[in-house]
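Coordinates in review
Below, each chain spelled out in residue letters.
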Amino acid sequence: MEKILNLLNIANTAIPKEKKLITTSLAKATWYLKKGDPVAIPTETVYGLAANIYDENAVKKIFEIKKRPAFNPLIVHVASIDSMKEVAVNIPPIAYTLAEKFWPGPLTLILEKKSTILDCITAGKKTVAVRMPNHKMTLELIKRVGFPLAAPSANPFGSISPTSAQHVANYFKKELNVVLDGGECEKGIESTIVGFENGKVILYRLGVISKEMIEFVVGEVELLNIDDNQPKAPGMLLKHYAPKTKMIMSEHPFKRANDMLGSKIGLLIFGNEKFTDSRYTVKNLSENGDVAEAAKNLYAHMHLLDEMGLELIIAQKFPDAGIGKSINDRLSRACWSEMNYTSTNIFSE
Ligand code: TXA
Ligand code: MG
């Protein structure tokens with residue numbers, strides 16, 4: 001019914017004249033979303049590939065475009081704290097406490113889903129992931145269309161997440177009509193995901209908001225056991241966020257590069273140590289060693305290095321606390337060799 005009303009609604013509106021894929025036109029984004037086509041949207045974390053949560057065909061198109069397995073559920077994006085009630089039931093008070101503290105912002109809450117939420121969004125689970133992003137354009141878009149938006153990150157499944165409209169266009173210029181350009185993502189890595197089980201707060205995915213920041217608000221939180229064979233959040237899959245170029249992690253990337261005698265090596269580093277060896281392509285995530293700045297630059301620099309035809313990227317490991325821990329998590333998953341990845345090097349090294 002909703003779909004028919006939407007179609008009738010847009011039948012009265014002219015097709016937007018704007019022809020460019022990358023656009024700032026909210027009218028164009030609104031038109032395509034109401035028609036049932038996915039649209040790429042900016043958020044403060046990474047770009048998302050969005051569709052009307054009540055339009056099953058549109059949501060299924062997201063999975064097709066991304067080649068995302070159907071077992072991997074999507075995050076529902078809302079424009080207010082109050083809208084949690086539109087998608088979830090039995091919301092625990094602690095969820096409101098967290099939303100009031102961090103929304104709009106990079107925190108996703110896993111809640112008991114309302115019966116109106118499509119199974120294809122939640123991958124058949126009884127829970128739904130919800131977040132209110134901190135991006136003016138997207139909040140305005142959600143208000144204009146009048147429905148929440150289901151949106152995973154706007155990258156092919158398993159590859160580097162996009163932090164600019166151009167990154168999305170590079171991936172999906174054939175598949176999409178609209179990439180809504182909201183500039184470079186301010187935070188640069190995905191939201192932190194938390195759920196609630198038996199009165200406890202569980203951390204499912206490390207992200208922009210650190211474990212310490214969550215604990216400051218709600219007390220001690222439990223980490224998901226990532227050795228589970230059935231990962232609860234497929235962002236936890238071993239190989240994810242990965243460049244095409246082979247990548248490894250090291251505490252001493254220059255030394256590692258020297259030991260390898262390789263030619264086409266890229267180094268992804270941070271901090272102000274100066275190295276003059278011109279054999280390597282060096283990208284510095286933050287010369288000041290500022291982890292927030294490093295997170296913001298992480299995927300953009302990975303995209304750049306990945307386009308240079310290198311044989312190997314060596315990424316410097318961050319001090320394992322706060323956002324540094326989240327960056328290490330993404331770097332570990334981007335590494336090709338699963339030898340580099342153990343549950344301990346992610347969470348407790
Ligand atoms: O910052 C972000 O979270 C970005 C922007 C676009 O909002 N979105 C994003 O979406 O990273 P995606 O699809 O790449 O990652 C969403 C994660 C997946 O790992 C998925 O498994 C998990 O959220 N997820 C979604 N619903 C879930 C549920 N009901 N229970 C457990 N995990 C869930
Ligand atoms: Mg993703």
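What you see is a predicted model, and the numbers here were worked out from it, not measured in a lab. (Residues numbered from 1 in each chain as written. Chains lettered and ligands numbered in written order. Predicted model: local features only at pLDDT ≥ 70, side-chain atom pairs only at ≥ 80, totals over all residues. Heavy atoms only, no water.)

1. Points about the environment of Pro148
Turning to its location among the elements, Pro148 is positioned in the loop between helix H7 (136–145) and strand S8 (149–150). Along the primary structure Pro148 and Val130 are separated by 18 residues, whereas in three dimensions their C-alpha atoms are 9.6 Å apart. Excluding residues that lie within four positions of it along the chain, Pro148 makes contacts with Ala51, Asn52, Ile53, Tyr54, Val76, His77, Val78, Glu86, Val87 and Ile142. (Helix = DSSP H or I, 4+ residues; strand = E, 2+ residues; numbered from the N terminus. Contact = heavy atoms within 4.5 Å.)

2. Looking at the pairing of strand S10 (residues 192–197)
Of all six residues that make up S10, five are buried, and the element is covered over most of its length. Pairing of strand S6 (residues 107–113) with S10 involves four bridges; the strand directions are parallel. Bridged to Leu109 within S10 is Val194. In this sheet, strand S11 (residues 200–205) lies alongside S10 in antiparallel orientation, the contact comprising five bridges. By the bridge assignment, Ile193 is partnered in S11 with Arg205. Between S10 and S11, which pair antiparallel in sequence order, lie two residues; one of them, Asn198, sits at a positive phi of approximately 50°. (Buried < 20%, exposed > 50% of the residue type's maximum accessible area, 1.4 Å probe, protein only. Pairing = 2+ DSSP bridges.)

3. Things to note about the pattern of salt bridges
The tally for this structure, following the rule as stated, stands at 15 salt bridges. Linking Lys244 and Asp306 is a salt bridge whose minimum nitrogen-to-oxygen distance equals 3.6 Å. With Lys244 in the loop between strand S12 (222–223) and strand S13 (247–250) and Asp306 in helix H11 (residues 291–306), the pair connects residues that are 62 residues apart, well separated along the chain. (Salt bridge = Lys/Arg side-chain N within 4 Å of Asp/Glu carboxyl O.)

4. A closer look at the layout of surface pockets
Space inside the largest pocket adds up to approximately 760 Å³. Contributing to the lining of the largest pocket are 46 residues, with Pro73, Ile75, Ile110, Ala129 and Ile193 lying nearest its centre. The set of elements that each furnish at least two residues to the lining of the largest pocket consists of strand S4 (75–77), S6, helix H6 (119–122), strand S7 (127–131), S10 and S11. Taken together, the residues of the lining of the largest pocket sort by class into 21 nonpolar, 16 polar and nine charged. Approximately 220 Å³ is the volume attributed to the second largest pocket. Around the second largest pocket, the lining is made up of 13 residues, and of these Ser159, Tyr171, Lys244, His303 and Asp306 lie nearest the centre. Residue assignment for the lining of the second largest pocket shows that the elements contributing at least two residues are helix H8 (165–172) and H11. Ranked by the residues each element gives to the lining of the second largest pocket, the list is headed by H8, at three residues. Looking at the lining of the second largest pocket, its residues break down into four nonpolar, five polar and four charged. (1 Å grid on protein atoms, 1.4 Å probe; cavity = no way out; pocket = protein on both sides within 12 Å on 5 of 7 lines; lining within 4 Å. Points joined across faces, edges and corners; volume = space filled by probe spheres on them. Nonpolar A, V, L, I, M, F, W, Y, C, P; charged D, E, K, R; others polar.)

5. Let's talk about the environment of Met213
Looking at the secondary structure, you find Met213 in helix H9 (residues 211–218). Exposure remark for Met213: the relative accessible area of 37% places this residue in the partly exposed category.

6. With respect to the sheet that holds strand S14 (residues 265–269)
Strand order in the open sheet made by the four strands is S13-S16-S14-S15, with parallel pairing throughout. Because the sheet does not close on itself, it has two edges, and the strands there are S13 and strand S15 (281–284). Between one strand axis and the next, the sheet turns by 20° as a mean value, whatever way the strands run. Relative to strand S16 (residues 312–316), S13 is paired through four bridges, and the arrangement is parallel. Bridge assignment links Met249 to a residue of S16, and that residue is Ala315. Sitting on the sheet, H11 touches S13, S14, S15 and S16, and the angle it makes with S14 is about 175°. (Axes fitted to C-alpha atoms, helices over the stretch in contact; angles between N-to-C directions.)

7. Section: the confidence of the model for the chain
Reading fine detail from the predicted coordinates is not recommended where pLDDT is low. Summing up the model confidence of the chain, the mean pLDDT is 89 and the portion of residues at 70 or higher is 88%. Overall, residues 225–230 carries pLDDT values under 50, and its contacts beyond four positions in sequence, including any with other chains, amount to six contacts. Predicted confidence for residues 338–349 stays below pLDDT 50, and this span has 32 contacts to residues more than four positions away or in other chains. (pLDDT = per-residue confidence, 0-100.)

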